[in-house]
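Below are the chains, spelled out letter by letter.
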Amino acid sequence: MTDEKGRAPASPDAQNVTQRDMANAIRALSMDAVQAANSGHPGMPMGMADVATVLFTKFLKFDASAPNWPDRDRFVLSAGHGSMLLYSLLHLTGYLSVGIDQLRNFRKLTSHAAGHPEHGAFPGIETTTGPLGQGLATAVGMAIAERKLAAEFGDDIVDHYTYALAGDGCLMEGISQEAISLAGHLKLSRLIILFDDNQISIDGPTSLSTGDDHIKRFQASGWNTISADGHDEDAITEAINGAKNSDRPTLIALRTIIGFGSPNKQGTSATHGAALGEDEVAATRAELDWPFEPFVIPDDIAAAWKATGVAGRLLRSGWEMNLAALSPAKKAEWNRRQNGEISEAWAKAFSELKSSWIKDAPKVATRKSSQDTLEVLNAALPETIGGSADLTGSNNTKTDVMDPFTAGDYSGRYMYYGIREHAMAAAMNGIALHGGLIPYGGTFLIFSDYLRPALRLSAMMEQRVIYVLTHDSIGLGEDGPTHQPVEHLASLRAIPNLCVFRPADAVEAAECWDAAIRLSNRPSILALTRQVLPTVRTEDGTENLSAKGGYELAAADGDAVVTILATGSEVEIALAARDQLQMKSTATRVVSMPCWELFDDQDAAYREQTLGPGTVRIAVEAALEQGWSRYTGDADAFVGMTGFGASAPAADLFKHFGITAEAVAAKALALLAKRA
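Calculation rules
Starting afresh in each chain, residues are numbered from 1 along the sequence in its written order. Per-residue local features of the predicted model are confined to residues with pLDDT of at least 70, and side-chain atom pairs are confined, for both listing and counting, to 80 or more; whole-chain, interface and lining totals are unaffected and use all residues. Think of the side-chain values as coming from all heavy atoms in the structure, minus any hydrogens and water. Per the convention used, a helix needs a DSSP run of H or I reaching at least four residues, while a strand needs a run of E reaching at least two, with both numbered from the N terminus. Radius of gyration means the value over C-alpha atoms here, while the globule rule gives 2.2 Å times the residue count to the 0.38 power. The buried label applies to any residue whose accessible area, calculated with a 1.4 Å probe on protein chains only, is under 20% of its type's maximum; exposed applies above 50%, and partly exposed to all values in between. We call two residues in contact whenever any of their non-hydrogen atoms come within 4.5 Å of each other. All accessible areas in this document rest on Shrake-Rupley with a 1.4 Å probe, and a residue is counted as covered only by the protein chains that are shown. Under the counting rule used here, the positive set is Lys and Arg, the negative set is Asp and Glu, and His together with the chain ends is not counted. Charged groups are reduced to one reference atom each: NZ for lysine, CZ for arginine, CG for aspartic acid, CD for glutamic acid. Helices are assigned an expected span. That span is 1.5 Å times one less than the residue count. As used here, the arc is the angular range of directions from the helix axis to the C-beta atoms. The rule for pairing is simple: two strands pair if DSSP sees at least two bridges between them. Lines fitted to C-alpha atoms define the axes, with helix axes restricted to the stretch in contact, and inter-axis angles between N-to-C directions lie between 0 and 180 degrees. Grouping into patches uses exposed residues only, defined as over 30% relative accessible area, and leaves out salt-bridged ones; the cut-off is 9 Å for like charges and 5 Å for nonpolar side chains (Val, Leu, Ile, Met, Phe, Trp, Tyr). The working definition used for a salt bridge is a side-chain nitrogen of Lys or Arg within 4 Å of a carboxyl oxygen of Asp or Glu. Per residue, pLDDT measures the predictor's confidence, with a range of 0 to 100. Angle categories: roughly parallel below 35 degrees, roughly antiparallel above 145, roughly perpendicular from 65 to 115, and oblique for all the rest. Two helices crossing with the near one rotated counterclockwise from the far one by less than a right angle form a left-handed crossing, whereas a clockwise rotation gives a right-handed crossing. Pairs of N or O atoms are called polar contacts if they sit within 3.5 Å, as long as, within protein, a hydrogen donor faces a hydrogen acceptor (for residues adjacent in sequence, only side-chain-to-side-chain pairs). For our purposes a nonpolar core is just a set of buried Ala, Val, Leu, Ile, Met, Phe, Trp, Tyr and Cys residues, chained together by side-chain atoms within 4.5 Å.

Turning next to the overall build of the chain. The helix and strand inventory of the chain stands at 26 helices and 18 strands. Expected size for 676 residues packed as a compact globule is a radius of gyration near 26 Å; at 28 Å, the chain falls within 12% of this value. Taking the principal axes of its C-alpha atoms as reference, the chain extends roughly 90 × 55 × 45 Å. By residue count, 61% of the 676 residues in the chain fall in the buried class. Expressed as a percentage of contacts within the chain between residues at least 6 apart in sequence, the contacts between residues at least 24 apart total 78%. Here the chain has roughly 24,600 Å² of accessible surface; of this, 49% comes from carbon and sulfur atoms. Across the chain, the centroid of the 58 positively charged side chains sits 3 Å from that of the 83 negatively charged ones.

What follows deals with helix α26 (residues 661-675). With 15 residues, α26 extends 21 Å from end C-alpha to end C-alpha; this agrees with the ideal 21 Å at 1.5 Å per step. What α26 keeps buried is the set A661, V664, A665, A668 and L671. Along the long axis of α26, the arc covered by the buried residues comes to 125°, so they all point the same way. Exposed residues pointing more than 90 degrees away from the buried face of α26 are listed as E662, A673 and K674. On its buried face, α26 sits against β15 (562-566), α21 (570-583), β17 (616-621) and β18 (638-640).

To continue, consider the sheet that holds strand β7 (residues 250-255). Here five strands make up an open sheet; going across it, the order is β1-β2-β3-β7-β6 and the pairing parallel. What marks the edges here is a single partner per strand, and that holds for β1 (74-77) and β6 (224-229). Within this sheet the neighbouring strands show an average axis-to-axis angle of 20°, counted without direction. Two elements, strand β3 (residues 191-197) and β7, share six bridges in a ladder whose sense is parallel. Counted as the bridge partner of F195 is A253 from β7.

Turning our attention to the side chain of E383. By the secondary structure assignment, E383 is in the loop between α15 (366-380) and β8 (384-388). When near neighbours in sequence (up to four residues on either side) are disregarded, E383 contacts E333, R336, R337, E341, I342, G436, L437 and I438.

Our next topic: a negative patch on the surface. On the surface, a cluster of negative charge is made up of D229, D232, D234 and E238. Among the structural elements, E238 can be located in helix α9 (residues 233-244). We classify E238 as exposed; its relative accessible area is 61%.

Looking now at the confidence of the model for the chain. In this model, the chain carries an average pLDDT of 97, and 98% of its residues clear a pLDDT of 70 or more. Taken as a whole, residues 1-9 scores under 50 in pLDDT and shows 18 contacts with residues more than four places along the chain or in a different chain.

On to the packing of helix α5 (residues 134-153) against helix α17 (residues 421-434). Angle between the axes and distance between the axes are the two parameters that describe a pair of packed helices. Put simply, α5 and α17 touch, their axes get as near as 6 Å, and they point 55° apart. The pairing of α5 with α17 is recorded here as oblique in orientation. Once α5 is placed against α17, the crossing between them reads as right-handed. Across from Q134, A137, T138, G141, M142, I144, A145, E146 and L149 in α5, the residues of α17 making contact are H422, A426, A427, N429, G430, I431, L433 and H434.

This part covers the pattern of salt bridges. Scanning all chains against the criterion turns up 37 salt bridges. For R316, the salt bridge goes to D63, with nearest N and O atoms at 2.7 Å. In this pair, R316 is assigned in helix α12 (residues 313-324) and D63 in the loop between α2 (43-59) and β1, connecting sequence segments 253 residues apart. For the salt bridge of D372 with K368, the shortest nitrogen-to-oxygen distance reads 2.7 Å. Separated by four residues within a single helix, D372 and K368 lie in helix α15, roughly one turn from each other. Look at D372 and you get partly exposed, because its relative accessible area is 24%. Taken together, the shared-partner salt bridges connect K148, E152, E333, R336, R337 and E383 into one network.

Assignment of secondary structure puts T128 in the loop between α4 (100-104) and α5. On the basis of relative accessible area, T128 is assigned to the buried category, the value being 6%. Only 2.9 Å separates the side chain of T128 from the backbone nitrogen of H119, close enough to count as a polar contact. Contacts of T128, omitting those with residues within four sequence positions, involve P117, E118, H119, L457, M460 and M461.

A word on the nonpolar core. Within the largest apolar cluster, 134 residues are counted, with the highest numbers of intra-cluster contacts made by F75 and L188. Residue contributions to this core peak at 11 residues, all from α5. In terms of nonpolar packing, the next biggest core, distinct from the first, is built from 45 residues, V571, F599, Y606 and L611 among them.

Now the structure itself:
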């Protein structure tokens, strides 16, 4: 027997339990966990407990015993400070690793129940949230991925919704406007935002800082909007049904009382970011008619929640039958992409491309050789989905096999993100988290400042998201210091688990793309030039040397006394400096270091050999020195930028700022003299 949605019925013990009883279980667990930690945010979970109960018991398609089922509905807690709402739901619905001790130790080192939800800590946490607005924008990416894969594999395989619970703070953050504008433009009807409209922020009533009419705001961006009482089961049910019947994304503004059930603090900021206190917890128990000890859920209510956790099992079984009915080739392709495996077709195409460039030695900007690589890569890997923040012609991110992803055609593989760098990055996180696709997106390196919070989450969540960041130095020329990144390489290299690639030529550009596409648990940046560069790799070989992060590009004639380290466009300068030093009988070698992070992953013996034991080491890069001394051993052993750039042709700027072969050679000789 199943209900009208194909879900299994509740057990007999659970049949007399009301929705309010189930919601109160969330409220009790949330206030108890925050009280035990003496830290956290009880107000939102208590206020949104009724909404969450309706969503999980009546609408959300999931199976707690199979948390990674690809066609599950996604639930994103964008208001991540209310993490106990999510942890309570995961525990109550039977996610195996979310035991009661995890909740008892909320916000403690012994528990995975962190202050804000962290992807991978528990099954069922779809994305890391906490920085407000990120979850909402990430949910847009999940909705994009759902429509893209449905267009490719069919509704029998991909047919689910993305729900995001957002608060006032999420909607105040600027990223929210970028995200809702994009989602409305694309008519992502499988996206539903549940807005906790409690009108309270940490400082007090939201009227202190904002008077926005969010209904009109979302309508202006092409959304369907619904208002409902967030404590009325029937009203919530009707609202979600209405959202699912819309041909547009939907905002459901749910008027709630923050800290619902707390007789002396509900409806105030006192419940937002602090424990209620022992006396108020006791008073709330009485108010909610919840006489049970902390962290105790009565059997009938527990059974009702456990029944909810398994209700989607029959739907999952039906989906597995649909998957089995696919042709062998299509099923194999689905499984390959869900497993994040890279097709051998790319390995063969990459090898041929690399050999041709070593033979032909093209002189092109690395943004152009990146595009030429993408022409081959996108043809070999149908799972890539590219895009740009309104700089397609400058980033060179679109290739011939890519049609636009539009509201009228979700089969496209190219996203016109518009001037929305932050939403682009968060959406790419959502696409990657969804599974089955590999996203990349472009903008100028200088504008990485606009997307950095989402980029940081890419690294924290270990997602394969690739950022194509062009115009990587003063080499972009006349646009001047507002557009010339000088501190950005150092600041991005400071982010843990992020690989920053800066290729020196077409060969390295292809190798960097190959390395990035194979990093299944790390995001990557490709920092690419506007200016033309010569090919510096002239010896053929099957090994991807850039994947080592650093390697000897040019050996010394004789016993080396100088090693020049360089990345990107400055490798050409390093080679010219080597020639000058060799002419002065100073044996010099050049090491190209396209990716510090991968170089640091190599064993100690390789790193030491590559850096040149016993030699004077000097680095050259058209950026600030920060970080280079870890390889040179001397912050003064550097030729590069010391401040902001200027507006002029690139060649003039390199001379003006002293980033020349002559300067590198002179610095090397000075360091040798100092050593002597």
